[in-house]
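# Summary of the model geometry
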Amino acid sequence: MALASSIFFSPAANAVTVPIRFTATAATPTPRLVLVRANNASASASASGRTRTLEECEAAAVAGNFPAPPPHSKPPGPKGTPLIKPLDLTRRPRRNRKSPTLRSAFQETTLSPANFVLPLFIHEGEEDAPIGAMPGCFRLGWRHGLIDEVYKARDVGVNSFVLFPKIPDALKSPTGDEAYNDNGLVPRTIRLLKDKFPDIVIYTDVALDPYSSDGHDGIVREDGVIMNDETVHQLCKQAVSQARAGADVVSPSDMMDGRVGALRAALDAEGFHDVSIMSYTAKYASAFYGPFREALDSNPRFGDKKTYQMNPANYREALIEAEADEAEGADILLVKPGLPYTDVIRLLRDNSALPIAAYQVSGEYSMIKAAGVLKMIDEERVMMESLMCIRRAGADIILSYFARQAAGILCGVKSN
Ligand code: PBG
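Description of the structure in this document. The structure displayed is predicted, hence computed values, not measured ones.

This paragraph deals with the overall build of the chain. Scanning the chain for helices and strands turns up 13 helices and 12 strands. Out of the 416 residues belonging to the chain, those deemed buried represent 46%. In the chain, the proportion of contacts linking residues at least 24 apart, taken out of those at least 6 apart, comes to 73%. Carbon and sulfur atoms make up 55% of the accessible area of the chain, which amounts to about 21,200 Å² in all.

Attention now goes to unusual backbone geometry. Residue Pro 337 is reached from Lys 336 by a cis peptide bond, and omega for that bond is -10°. Its location among the elements puts Pro 337 in the loop between strand E10 (332-336) and helix H10 (342-351). Phi angles above zero are rare outside glycine, and Asp 297 is one such case at about 50°. As for its position among the elements, Asp 297 is in the loop between helix H8 (290-296) and helix H9 (317-328). According to the relative accessible area criterion, Asp 297 is partly exposed, its value standing at 33%. Its identity is not glycine, yet Lys 375 carries a phi of approximately 60°, on the positive side. Counting through the fold element by element, Lys 375 comes out in the loop between helix H11 (362-373) and helix H12 (379-393).

Under the counting rule described, the total for this entry stands at 18 salt bridges. Between Lys 305 and Asp 209 there is a salt bridge; the shortest N-O distance is 3.6 Å. Residue Lys 305 is found in the loop between H8 and H9, and its partner Asp 209 is found in the loop between strand E5 (201-206) and strand E6 (219-220); the two are separated by 96 residues along the sequence. Pair check on accessibility: Lys 305 and Asp 209 agree, each one buried. Where Lys 306 meets Asp 304, a salt bridge forms, and the shortest distance between an N and an O atom there is 4.0 Å. Among the residues examined, Lys 306 registers a relative accessible area of 61% and is labelled exposed. Residue classification places Asp 304 among the partly exposed positions, given a relative accessible area of 41%.

Cut-offs and rules
- Residues numbered from 1 in each chain as written.
- Predicted model: local features only at pLDDT ≥ 70, side-chain atom pairs only at ≥ 80, totals over all residues.
- Heavy atoms only, no water.
- Helix = DSSP H or I, 4+ residues; strand = E, 2+ residues; numbered from the N terminus.
- Buried < 20%, exposed > 50% of the residue type's maximum accessible area, 1.4 Å probe, protein only.
- Contact = heavy atoms within 4.5 Å.
- Areas by Shrake-Rupley, 256 points an atom, 1.4 Å probe, with all protein chains shown as cover.
- Salt bridge = Lys/Arg side-chain N within 4 Å of Asp/Glu carboxyl O.

Below, the structure is given as structure tokens:
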């Protein structure tokens, strides 16, 4: 190693055209370096900093001028690097990480636009309204902005969408009946989208909160209790109305007990045997939903959602929900939020054969965006890494506000 310090190494020294050959015996700890030959042709090629063409390589081979093997030696460390005997290691995991080709060969998890579902906020207006707490996200006009956004998403391979409506206060009520108005914003939007893009997959949200004057996912009793079975009755009407409009997957996000079985029965009774149910199986009472509630103006008017959404401290409880949803006929199990709950994603992945979805929620999006804007992190790289981590945890699909931006990067195009 000490000897190597006297040899100059250019980047080209790693290429096959390297004109210098070193010999070393494995038995000798400090290899002896011997200059064997400097072939003129290849020397000039490397001196000009250019690798040889295929023809030149062939010609050289025909002439018997085979390139020397790469040096069995390493350039020296910086001055002051300790001279030591190599560690006697059987396993050196870094061997499998030593080049981009090896790294990509052994990559265990992949990300593809096909894994993404893009959540879209819609409203009755003509203009797109920016959402303050979610830079880059808008409440889209259902007839214009929405269509543009779907076009752009499809351009980068995102074909799945989930719709969230902003409902005017005048249409909200304690029992959320606007939720199953066949001419309401969501059913109308589904019909429009299906007409324009027949092959997209439309997911819907099944819960009363955008329609509830109390801002809760269910009907609120006088004493503040969120009524379970009565709410489920409303949700069934909501899901059937969405299915009638052409929804492909209805997604109950309300966390009422027994809603998956009730929805399945209601859909089947109306002939919607092919409409899937993606159940929000493990949906936690999370502060990460803050920006979303601002987007839809759907903050609970009083209290919180802790009597129906799960306690963030709980892990085993997710299994109880998963078993119920599976038994009741859910097609997809969802965990929400995403990145802070990767342990729960893994738990469901290991305990169910059903596809697993994860929702990278509004707060997760906003944190990455905000830190990116402040130049505290590299937004794009953190975005891609967070999505990859959610996939690695076991999610098949990811609902993410980054879906279009991330798919753009995967397709090699920058999005705006
Ligand atoms: C409502 C619903 C919420 C989200 C999706 N569906 C909010 C809530 O439960 O209060 C949150 C999504 C997000 O934060 O991105 N049923």
